[in-house]
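# Fold and geometry: a report
These are the residues of each chain, in order.
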Amino acid sequence: MSTGLDRVHLIGIGGAGMSGIAHILLARGAAVSGSDAKDSRTVLALRARGARIAVGHEAANLTQLDGPPTVVVSTAIRPDNPELVAARAQGLPVLHRSEALAALMAGRRVACVTGTHGKTSTTSMLTVALQHCGLDPSFAIGGDLTVAGAGAHHGEGDIFVAEADESDGSFLRLRPSVGVVTNVEADHLDHHGDEAAYARAFEDWLTRIEPGGALVACADDPGSKNLAVKAEAAGIAVRRYGRAAPALPGNARLVDYRPAGAGGRFKILLTGEDGPVEHEVELPVPGEHMAANSVAALLAGIELGAPVDGLVEGLAGFSGVRRRFEFKGKAAGVAVYDDYAHHPTEVAAQLTAARQVAERRLIVAFQPHLYSRTRAFAAEFGAALALADQVVVLDVFGAREDPEPGVSGALVADAVTLPADRVHYVPRWAQVPEVVAGLATPGDLVITMGAGDVTVLGPEVLTELGLRDGRESREGAPEAAR
């Protein structure tokens, strides 16, 4: 490979970002090995494509390939990981995931989507819209496209679309020609320290946009709006989108949003040199926040040279991303969905969108993600979750963090501004499916929510609902039918 990544070992290969890099490397003919804490559908898919993957972490995993590999790690890999320790001791090249991604982008026109919320959905919409235009972009997304079943692809075209992760500042290693910023709102303070430092990281990211490139920025979000002003002062072309986008050439205004079935219908006023041109869009996913994401994708696609009509048609065919209001099934008249929302603004936006789909009540099972985020935003989570009718709060999914004394899901549950009989703190995982199913009645919508392993709860809730429905059917049946 021209990137020099012809033999690569990825520690934590089953993660969303790492597995995407592995898929692209395999498609480009590289020899790939890796390790992960457990087997998963992702690991099995990579093995089927030829990757050699060990379960568990030990130094011997570095010898799965013929010859010494370049080692790729993410921020989630701790310094004392035995494979990382061995790689450094042996003098093997060690790259951060973002450095490997940047190498894979070499020689292509790059569009990067970043922001506190909406990165995955916007990147996915842009990818699908470009594909509809007959293009074959490479892409690396932090979630699997529903239609493709994958979050990464090596395309034959000259475009590379990527989700740019700001959480650890690694997006500063990427160099896009088109940069999209959906919003800038305090998050990941465990890495950045405070809100001001978090905002400065986005300002630094502006310097990574290639000369002659463009920034697509949301006019409705104060952080993104401020960033757009700084970009223009630095001589970067700016394209604004949203309800408040001014009617200037290159901008796109979102108007007349209204729910339509399981999605939404709205208009995009795309301003050209001769004034605004109206485009009617019907998006198959619900929520005005998703409509805004689609307008960002449209502007980015235009900057990449794709035709407007083709992009609009492609957006109408967008079928979603796994873990973004993903329908898991229906049992006993109750619809169950799963969503990745793990920040108060995301929680509020997705519950608001779910309201337009729910026939009756909205029930959320929420798992806080990270002790630091739970501590910092417990009150905001409580206010957001109060948009539901019934709230079940699990304990914190710590991910890369160690537990903090006094920080648990109870902080969030206590902050929910609903009557006490509508808020349930259930720290024991095994009890959650039964509690959620017990709250639900026909016509209700249940949504499991969070960035951790709460995603596996949906099928368990459906099973419990099915068992309850069966019991009730038997109990209500005539004696002769039993």
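Residues numbered from 1 in each chain as written. Predicted model: local features only at pLDDT ≥ 70, side-chain atom pairs only at ≥ 80, totals over all residues. Heavy atoms only, no water.

We now examine the confidence of the model for the chain. Averaged over all residues, the pLDDT of the chain equals 88, while 93% of them reach at least 70. The least confident element of the chain is helix H6 (residues 189-192), whose mean pLDDT is 64; the most confident is strand E11 (residues 214-218), at 97. Note on residues 473-482: pLDDT is under 50 here. Beyond four places in sequence and across chains, it has three contacts. (pLDDT = per-residue confidence, 0-100. Helix = DSSP H or I, 4+ residues; strand = E, 2+ residues; numbered from the N terminus. Contact = heavy atoms within 4.5 Å.)

Moving on to the sheet that holds strand E17 (residues 334-339). Ordered in space as E16-E17-E21-E18-E19-E20, the six strands form an open sheet in which the pairing is mixed. Looking at the sheet topology across the chains shown, the edges are occupied by strand E16 (326-331) and strand E20 (423-425). Strand-to-strand twist across the sheet, computed as the mean angle between neighbouring axes with direction ignored, equals 15°. Along the sheet face, helix H11 (residues 344-355) touches E17, strand E18 (362-366) and strand E21 (445-449) and points at about 160° away from the line of E21. (Pairing = 2+ DSSP bridges. Axes fitted to C-alpha atoms, helices over the stretch in contact; angles between N-to-C directions.)

Let us now look at the packing of helix H1 (residues 16-27) against helix H4 (residues 97-105). Taken N-terminus to C-terminus, the directions of H1 and H4 make an angle of 30°; their axes are 10 Å apart at the nearest point. The handedness of the crossing between H1 and H4 is left-handed. Residues Gly 17, Met 18, Ile 21, Ile 24 and Leu 25 of H1 form the contact with H4, whose participating residues are Arg 97, Ala 100, Leu 101 and Leu 104. Split into classes, the residues belonging to the contact of H1 with H4 amount to seven nonpolar, one polar and one charged. (Left-handed = near helix turned anticlockwise from the far one by under 90°. Nonpolar A, V, L, I, M, F, W, Y, C, P; charged D, E, K, R; others polar.)

This next bit is on the nonpolar core. Soluble globular proteins tend to pack their nonpolar side chains together in the buried interior. Within the largest apolar cluster, 45 residues are counted, with the highest numbers of intra-cluster contacts made by Leu 10, Leu 25, Val 32, Phe 160 and Leu 215. Take this core: its biggest share by element is six residues, from H1. (Core = buried A, V, L, I, M, F, W, Y, C linked by side-chain atoms within 4.5 Å. Buried < 20%, exposed > 50% of the residue type's maximum accessible area, 1.4 Å probe, protein only.)

Within the secondary structure, Ser 224 sits in helix H8 (residues 222-233). Exposure remark for Ser 224: the relative accessible area of 0% places this residue in the buried category. Aside from chain neighbours lying at most four places away, what touches Ser 224 is Val 181, Thr 182, Asn 183, Val 184, Ala 217 and Cys 218.

Time to look at empty space enclosed by the protein. Empty space left among the atoms is revealed by rolling a probe the size of a water molecule over them. In total, this model carries one cavity of 30 Å³ or more according to the counting rule given. Taken as a whole, the largest cavity holds about 40 Å³ of empty space. Sorting elements by how many residues they give to the lining of the largest cavity places H4 first, with three residues. Tallied by class, residues from the lining of the largest cavity come to four nonpolar, two polar and three charged. (1 Å grid on protein atoms, 1.4 Å probe; cavity = no way out; pocket = protein on both sides within 12 Å on 5 of 7 lines; lining within 4 Å. Points joined across faces, edges and corners; volume = space filled by probe spheres on them.)

It is worth spelling out the environment of Leu 467 at this point. Summarising the element assignment, Leu 467 is placed in helix H15 (residues 457-476). Sequence-wise, Leu 467 and Ala 331 are 136 residues apart; in three dimensions their C-alpha atoms are separated by 9.3 Å.

It is worth spelling out the UniProt feature "domain: Mur ligase N-terminal catalytic" (unreviewed entry) in the chain at this point. UniProt feature "domain: Mur ligase N-terminal catalytic" (unreviewed entry): in the numbering of this structure it lies at residues 8-108. The span residues 8-108 is 37% helix and 21% strand, and its two end C-alpha atoms sit 21 Å from each other. (UniProt positions renumbered as here; feature names shortened; annotations may be inferred.)

Strand pairing in a sheet relies on backbone hydrogen bonds, with the paired strands running either antiparallel or parallel. A sheet is described by the order of its strands in space; here ten strands give the open sequence E8-E7-E9-E6-E10-E11-E12-E13-E14-E15, paired in mixed fashion. The open sheet has two edge strands, strand E8 (152-153) and strand E15 (275-283), and neither has a second partner. The sheet contacts of helix H7 (residues 195-206) involve strand E6 (109-114), strand E10 (178-181) and E11, and relative to E10 the element is tilted by about 160°.

Moving on, we come to the packing of aromatic side chains. As enumerated under the stated definition, the model contains six aromatic pairs in all. The interplanar angle of 80° and the centroid separation of 5.4 Å between the aromatic rings of Phe 171 and Phe 202 together place this pair among those described as edge-to-face. On the criterion of sequence distance, the pair formed by Phe 171 in the loop between strand E9 (159-163) and E10 and Phe 202 in helix H7 is long-range, its members being 31 residues apart. A connected cluster of aromatic rings, assembled from ring pairs, spans Phe 171, Tyr 198, Phe 202 and Trp 205. (Phe/Tyr/Trp six-rings, centres within 6.5 Å; stacked < 30°, edge-to-face > 60°.)

For the rest of this paragraph, the subject is the environment of Arg 360. Within the secondary structure layout, Arg 360 lies in the loop between H11 and E18. Spatially, the C-alpha atom of Arg 360 lies 8.2 Å from that of Pro 442, the residues being 82 residues apart in sequence. Setting aside anything within four residues of it in sequence, one finds Arg 360 in contact with Arg 355, Thr 441, Pro 442, Gly 443 and Asp 444.

A separate point is the environment of Asp 165. Following the sequence through the fold, Asp 165 ends up in the loop between E9 and E10. Remark: the alpha-carbon pair of Asp 165 and Val 113, spanning 52 residues in sequence, is separated by 8.5 Å. Beyond its immediate stretch of four places on either side in the chain, Asp 165 contacts Arg 97, Ser 170 and Phe 171.

Glancing now at the state of the cysteines. On inspection of all chains with the given rule, the structure shows zero disulfides. Take Cys 218: it sits in no disulfide, and the sulfur closest to it among the cysteines is that of Cys 112, at 18 Å. Overall, the relative accessible area of 7% leaves Cys 218 in the buried class. (Disulfide = S-S within 2.5 Å.)

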